[in-house]
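Report on the structure
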Amino acid sequence: MLQEGVVVVVIKPTVRLLILWLLSAISTVSEAAVLEADRADVLYHSYEGGGMKIDGPAILLRKKATEAVAFTAYYYVDTISSASVDVLSTASPYSEERNEGQLGAEYLYDKTIMSFNLRQSDEDDFLAQSLSVNVSQDTFGDLTNLSLGFSYGDNEIKRNGDESFLAQSEQYRISAGINQILTRNLTANLRVEAIADEGFLNNPYRTVRFVDTSIPSGVGYQAEIYPQTRNSLATKLSVSYFLPYRAAVFFHYRYFNDSWEIKSTDAELNYRHPIGDEFEIEFKVRYYQQSQAEFYSDLFPYKDAQNYLARDKELSDYDNATFGIGVTYLLPKYLSFENLRSEATLQWDYIDFNYNNFRDPTSDGGVGNESLYGFSANVFRAFVSVNF
Amino acid sequence: MKLKKEFLVIKLVLKVAFLLSLFSLTGCASLSIEPWVKPYERQNLADPIMRLSRHPIANMHVAHVLEAREASRGADASGGGGCGCN
Amino acid sequence: MSLKHYYCKVVFTVISLFISINVQALTIGQDAPDFTLKNMQGKNLNLTEQRGNIVLINFWASWCGPCRKEMPILQKLQDKYQELGVEVWGINVEQENQAGKNFLADLNLSFPIFFDQTNKLSKTYQIKAMPTTVIIDRDGVVRYVYLGYQDGYEKKYAKAIKTLIRE
């Protein structure tokens, strides 16, 4: 019933809005926007923390076919080896691979850019496919950019070791954004996105634990049970400011809440500073905190304690802090081939996770009194970009 | 039920976007607002260091790392409005 | 949904019908505003002294992609039509123009480039887009204004110039 609500409340007015925009695009032919420049990026990424190690390559290509049409292609691989706290307490370490590919097309007409994107992410027990459409328009003397996006995703979930298991879920997303130039040095962006999920929304391997005095360990396990729907709304404000000595500072603030009663806020500050003509250095600080899902508990008092049961630490009450640094080297013109501008970047993020009501079952303290879990992760990215 | 508030917000946002589009659509100008940042004053905003999508491939990875570990999702991509070149 | 809410919506819609952003540029048929600027070589050039020639004025900036693309095309126009009485002038509108000068150093342009650093001229010519090309006839009257640059505009410029030459 909530899904029907999404369709009626959101899709119909969106279609009306899209039609209106297309009409306005046709009627006011005066000046035009431009599509972004062609580029190719090759990246190596690595994540290590909490017993997980994930790394792999990624590649991004962007090419204009004409001044009005551009194509993008993206390919990404995660090679995962996991011995995380969930895995160690209930299973054995595993390794797997996830492949993701995206194909996109953009069409520019006067001041309107319409883009279309297809995405598929594939691992041996999860197949996600989605398509998204986005319309973006410059208006108000080009000081304002309005955008509207719609996305539909379909997921197929399997369970390794259980051939008969097959589940589905769907996701609808709708977003609206406004980007406003405030002064010669300042822009602000406000974006709102509503997401509705339906179907099998939990993890087919994960379990919750409950107090069970009938067995020696004192703890019993049962499969997690999630609601069949989840609706959420996120609002994000971003502000960009150009500093007079030529540097840029960015501030982001996002508020999120959903039908599982999770509320979160995050705030981020970025600073980008060029050094001469050849280097750029970036600093990042981000703080995130969330409240727990309504049906989450680290330890339930007995079996089947609630209709919905979750012990996923991602649904717990927790916070994290990120500190990041990046350096970009821009290849000078005399070393560059004709019109190619190349650059190489190294980025390092350090993320500290701090759980307020998720306990580490492998630590001491007795059932329900183990120490609260926390870990830190190091994320690296090394990539080369060529603009042509 | 609980999500009525979220739906109302979405409806409001869509209505505002609709009205803003009416603004850009109408040609009749009894009142005119001059753009207060002229096209030739967009030098700083057009500077590559001011782009949120300066490193798109890295942004995609950052978003993926966070989305996999945080319950919140959405509103991540940035908008347009850069150089204003025609 | 109260009466007040409905009333607000109506008022909002009515106001929206009366407000729009002014995107009119320089009026075709008016006399081109006169100016005197120093070119890169240090020589003073004045617009009204060009009467008798067709003048194509291009307002550009190095941070603007389409402007950069247009430069070699303007050089070609100058090469082709200069003998027929056409002058191409480039006006850089950057408030800090070192990047503009660096950009020019890589090109070999024979037409005069002026620097409108204070944007006084850009305001006089009501520049609404980057780049803007204004074509002025032999009597100093603005005849064509092109907002922006896209592939194929050079054909429009050539056509306009040929029309003005024949007059």
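This is a predicted model, so every value here is computed, not measured.

**Brief notes about the overall build of chain A**
- A tally of regular secondary structure across chain A gives 2 helices and 18 strands.
- In terms of overall size, chain A behaves like a compact globule, its C-alpha atoms giving a radius of gyration of 24 Å where 388 residues would be expected to give roughly 21 Å.
- Viewed in the frame of its principal axes, chain A has a C-alpha envelope of about 75 × 50 × 40 Å.
- Taken over 388 residues, chain A has a buried fraction of 33%.
- For chain A, restricting intrachain contacts to residue pairs at least 6 apart in sequence, the fraction spanning at least 24 positions comes to 56%.

**Quick look at the overall build of chain C**
- The helix and strand inventory of chain C stands at 5 helices and 8 strands.
- Secondary structure elements of chain C occur, N-terminal to C-terminal, as α-β-β-β-β-α-β-α-β-α-β-β-α.
- Looking at chain C as a whole, 33% of its 167 residues are labelled buried.
- The long-range share in chain C, meaning contacts at least 24 apart out of those at least 6 apart in sequence, stands at 68%.

**Some details on the packing of helix H2 (residues 65-81) of chain C against helix H5 (residues 153-166) of chain C**
All names here are of chain C.
- Interaxial distance between H2 and H5 falls to 11 Å at its minimum, and their mutual angle equals 25°. Judged on the interaxial angle alone, H5 and H2 are roughly parallel. Considering how the two elements wind past one another, H2 and H5 form a crossing that is right-handed. From H2, Ile73, Leu77 and Tyr81 reach across to H5, where they touch Glu154, Tyr157, Ala158 and Ile161.
- Its residues assigned to classes, the contact of H2 with H5 comprises 6 nonpolar, no polar and 1 charged.

**Considering the sheet that holds strand S7 (residues 132-136) of chain C**
Residue and element names in this part refer to chain C.
- Pairing within the open sheet is mixed, and its 5 strands lie in the order S6-S5-S4-S7-S8. Single-partner strands in this sheet number two, and they are strand S6 (113-115) and strand S8 (142-147). Strand-to-strand twist in this sheet, taken as the mean axis angle between neighbours without regard to direction, amounts to 20°.
- Judged from the 3 bridges that link them, strand S5 (residues 86-92) and S6 form a sheet pairing that is parallel. Of the residues in S6, the one forming a bridge with isoleucine 91 is phenylalanine 114.

**Observations regarding the confidence of the model for chain C**
All names here are of chain C.
- Residues with a pLDDT of 70 or more make up 85% of chain C, whose mean pLDDT is 86.
- Taken together, the stretch residues 17-23 has pLDDT below 50 and engages in 22 contacts with residues farther than four places along the chain or on a different chain.
- The ipTM for the predicted assembly is 0.90, set against a pTM of 0.86.

**Description of the confidence of the model for chain A**
- In the predicted model, chain A carries a mean pLDDT of 90, and the fraction of residues at 70 or more is 92%.
- Low pLDDT, under 50, characterises residues 22-30 of chain A; the stretch is placed with 13 contacts to residues that sit more than four places away or in other chains.

**Quick look at the nonpolar core**
All names here are of chain C.
- Core analysis: the largest hydrophobic core is formed by 39 residues, its most contacted members being Leu56, Ile57, Ala61 and Ile136.
- Secondary-structure elements contributing two or more residues to this core are strand S4 (54-60), H2, S5, S6, S7, S8 and H5.
- No other element matches S4, which puts 6 residues into this core.
- The residues contacting isoleucine 57, other than those within four sequence positions of it, are Trp89, Ile91, Val134 and Ile136.

Cut-offs and rules
- Residues numbered from 1 in each chain as written.
- Chains lettered and ligands numbered in written order.
- Predicted model: local features only at pLDDT ≥ 70, side-chain atom pairs only at ≥ 80, totals over all residues.
- Helix = DSSP H or I, 4+ residues; strand = E, 2+ residues; numbered from the N terminus.
- Rg over C-alpha atoms; globule rule 2.2 N^0.38 Å.
- Buried ≥ 20, exposed ≤ 12 C-beta atoms within 10 Å, placed from the backbone.
- Contact = placed C-beta atoms within 7 Å.
- Axes fitted to C-alpha atoms, helices over the stretch in contact; angles between N-to-C directions.
- Parallel < 35°, antiparallel > 145°, perpendicular 65-115°, else oblique.
- Left-handed = near helix turned anticlockwise from the far one by under 90°.
- Nonpolar A, V, L, I, M, F, W, Y, C, P; charged D, E, K, R; others polar.
- Pairing = 2+ DSSP bridges.
- pLDDT = per-residue confidence, 0-100.
- Core = buried A, V, L, I, M, F, W, Y, C linked by C-beta atoms within 7 Å.

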